[in-house]
Amino acid sequence: MLNIKEIMEILPHRAPFLLVDRIDELEPGKRAVGCKAMSYNEPFFAGHFPQEPVMPGVLICEALAQVGAVAILSCEENKGKIAYFGGINKARFRQKVVPGDVLTLETELIKVKGPVGIGKAVAYKDGKVCTEAELTFMIQ
């Protein structure tokens, strides 16, 4: 398990854009599972939407990408590098994410060739899928 300080040693992201609270499972270069607890105080809830706060789907994808980045950047050869988005494919949003929810974020690297890779990413809420996507990344 990685706490927030250990995550910040791997990822360059910082508040308010660090969207992972902890990593519960880690297989460097293969997969990671983390979580994010949604507080009403998250900055995006103020404008999306004031009467009914909902986490933007693109930020759920970003949280999944950050979990995947922990997996790939934990490999010795990638330490100190940055994982950039290369694409988001097959994204599906099945449930709203609102204040009080706790997301389980799971990203498995299904293809890596040189500095480019693809991850299968799924976010769960209360054990049910709320978001899934195929994420392409580039390591630099």
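Overview of the structure. (Residues numbered from 1 in each chain as written. Predicted model: local features only at pLDDT ≥ 70, side-chain atom pairs only at ≥ 80, totals over all residues. Heavy atoms only, no water.)

## Some points on the state of the cysteines
Inference 1: Across all of its chains, the model carries zero disulfides by this definition.
Inference 2: With no disulfide of its own, Cys 61 has Cys 130 as its nearest cysteine by sulfur position, at a separation of 10.0 Å.
Inference 3: A relative accessible area of 2% places Cys 61 in the buried class. (Disulfide = S-S within 2.5 Å. Buried < 20%, exposed > 50% of the residue type's maximum accessible area, 1.4 Å probe, protein only.)

## Structural notes on the side chain of Asn 78
Inference 1: Here Asn 78 lies in the loop between α2 (57-73) and β3 (83-93).
Inference 2: The buried category is assigned to Asn 78, whose relative accessible area is 10%.
Inference 3: From its side chain, Asn 78 meets the backbone oxygen of Ile 72 in a polar contact 3.0 Å long.
Inference 4: Residue contacts for Asn 78: discarding those within four places in its chain leaves Ile 72, Leu 73 and Ile 139. (Helix = DSSP H or I, 4+ residues; strand = E, 2+ residues; numbered from the N terminus. Polar contact = N/O pair within 3.5 Å; in protein donor to acceptor, adjacent residues only side chain to side chain. Contact = heavy atoms within 4.5 Å.)

## Some details on the sheet that holds strand β6 (residues 128-139)
Inference 1: With antiparallel pairing, the six strands of this open sheet are ordered in space as β1-β2-β4-β5-β6-β3. Single-partner strands in this sheet number two, and they are β1 (22-27) and β3. Between one strand axis and the next, the sheet turns by 20° as a mean value, whatever way the strands run.
Inference 2: Where strand β5 (residues 116-125) and β6 come together, 10 bridges link them in antiparallel fashion. The residue bridging Lys 125 from the neighbouring strand is Lys 128, located in β6.
Inference 3: On the sheet, α2 packs against β1, β2 (31-37), β3, β4 (102-113), β5 and β6 and is oriented at approximately 55° with respect to β4. (Pairing = 2+ DSSP bridges. Axes fitted to C-alpha atoms, helices over the stretch in contact; angles between N-to-C directions.)

## Considering the environment of Leu 11
Inference 1: Relative to the helices and strands, Leu 11 resides in the loop between α1 (4-10) and β1.
Inference 2: Between the alpha carbons of Leu 11 and Ile 60 there is a distance of 17 Å; along the sequence they are 49 residues apart.
Inference 3: Aside from chain neighbours lying at most four places away, what touches Leu 11 is Leu 18, Gln 66, Ala 69, Val 70 and Leu 73.

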